[in-house]
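Here are the chains, one letter per residue:
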Amino acid sequence: MTITVSRLAPSFAARIDGADITRPLSDAAWAEIRAAFEEHSVLLFRGQPLDDEQQIAFSRRFGNLEVTRSINPAAGTPFARQSNLDITTGEVIPPDDRRMIYQLANTFWHSDSSFKEVPSLCSLLSARIVPPEGGATEFASGRAAYPSLPEDVKRRVETAVAVHDFSWSRDQIKPGFFTEKERAEYPPVRHPLVRTNPVNGKRALFLGAHASHVVGMPVEDGRTLLKQLLDHMTQPQFCYRHEWREGDLVIWDNRCVLHRATPFDTTRYKRLMQRTTISGDPAELEHVRGSVR
Ligand code: OGA
Ligand code: MN
């Protein structure tokens, strides 16, 4: 079977056909998928109903899986469960439950795990139960948005470093949302505002909800700059909105793409998405970690 790649949006995102990712892939098929990932940043596989084992097996081709921590119901496993269904009973969780409030954070533009010392390479989200309306996921490409930044802004951000702080981003849903213990688990980290893809050399903005402020700038000025960059990056021409069907698997490159959840009626419909997350390359950002200490 030959693999075909079709663009989903003008500047990034592609659908892959002709690969059965529910079974072990040949090295040739894998090489094409990996190359498409580097090129298109978001990949959609349609009609690929994965169980947890199959999702883990395919995810491992990309690298090491992160283990979920914190208050996600699947903590301690390779899955981050995005769902309004109780993990044990399968019943709908009431909207005022802490687990649902926590998931509201997904509606802010973000890059998964950017608050970690080693941020992630990519996430793979498998649609197990999809509501009949709502619940789309939106993506914005920091790579597609980069070239059209004004030259003076490019010069400002080229060597800039942002502080990513999980507690700060959670405070945006509800101040003081995290307990002291949770805060201590995720100390703030520093990452460059612009990252370069190691395969094709393309630059991309790297920010999102966890990016709290900019090193060496007054906090409010840094926040203003981050907001301006986010507004630029999330213009419609740099976005792709994915309407889910059951059996979809979408992979996104957390190094250069932000994403956000959109609402659905959580009291009427069921939604269950299983995410695996692949660790990034610790060597890629070492230079920044060293230089800002
Ligand atoms: C995620 C995420 C958005 C969604 O899985 O990391 O942000 O629409 N999901 O479920
Ligand atoms: Mn996410």
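All figures in this text were calculated on a predicted structure; none of them were measured in a lab. (Residues numbered from 1 in each chain as written. Chains lettered and ligands numbered in written order. Predicted model: local features only at pLDDT ≥ 70, side-chain atom pairs only at ≥ 80, totals over all residues. Heavy atoms only, no water.)

Enquirer: Whenever I open this one, the sheet that holds strand 12 (residues 239-242) confuses me. Can you help?
Expert: Two modes of strand pairing occur in sheets, parallel and antiparallel, and in both the strands are linked by backbone hydrogen bonds. Read from one edge to the other, the open sheet built from 3 strands follows the order 12-6-14, with strand pairing classed as antiparallel. Looking at strand neighbours, the two that pair on one side only are strand 12 and strand 14 (257-261), the edges of this open sheet. Here the strands of the sheet are splayed against their neighbours by 20° on average, with no regard to which way each runs. Note: strand 6 (residues 137-141) against strand 12, 4 bridges, orientation antiparallel. Counterpart to Thr137 in the pairing with strand 12 is His242. (Pairing = 2+ DSSP bridges. Helix = DSSP H or I, 4+ residues; strand = E, 2+ residues; numbered from the N terminus. Axes fitted to C-alpha atoms, helices over the stretch in contact; angles between N-to-C directions.)

Enquirer: Help me understand the layout of surface pockets in this model?
Expert: Remark: the empty space left among the atoms is shown by a probe the size of a water molecule rolled over them. Roughly 450 Å³ of internal volume is contained in the largest pocket. Lining the largest pocket are 25 residues, with Gln103, Asn106, Ala261, Phe264 and Arg271 positioned closest to its centre. If you list the elements that add at least two residues to the lining of the largest pocket, you get strand 4 (80-83), helix 3 (98-104), strand 14 and strand 15 (272-279). Split into classes, the residues belonging to the lining of the largest pocket amount to 10 nonpolar, 11 polar and 4 charged. Looking at the second largest pocket, its volume works out to about 330 Å³. In this structure, the second largest pocket is lined by 17 residues; those nearest its centre are Trp168, Gly208, Ala209, Lys227 and Leu230. If you list the elements that add at least two residues to the lining of the second largest pocket, you get helix 6 (166-173), strand 11 (211-214) and helix 8 (219-233). Counting residues per element, the lining of the second largest pocket draws most heavily on helix 8, which supplies 5 residues. A breakdown of the residues in the lining of the second largest pocket according to their chemical character gives 8 nonpolar, 5 polar and 4 charged. (1 Å grid on protein atoms, 1.4 Å probe; cavity = no way out; pocket = protein on both sides within 12 Å on 5 of 7 lines; lining within 4 Å. Points joined across faces, edges and corners; volume = space filled by probe spheres on them. Nonpolar A, V, L, I, M, F, W, Y, C, P; charged D, E, K, R; others polar.)

Enquirer: When you look at the coordination of the manganese ion (ligand 2) in this model, what are you seeing that I'm missing?
Expert: At this site the manganese ion (ligand 2) is bound by His110 (NE2), Asp112 (OD) and His259 (NE2), with donor distances of 2.1 to 2.2 Å. Each donor residue of the manganese ion (ligand 2) lies on one chain, and together they are spaced H-x1-D-x146-H. In this structure, His110 and Asp112 share a single accessibility class: buried. (Donors = N, O, S within 2.8 Å, 3.2 Å for Na, K, Ca; no water. Buried < 20%, exposed > 50% of the residue type's maximum accessible area, 1.4 Å probe, protein only.)

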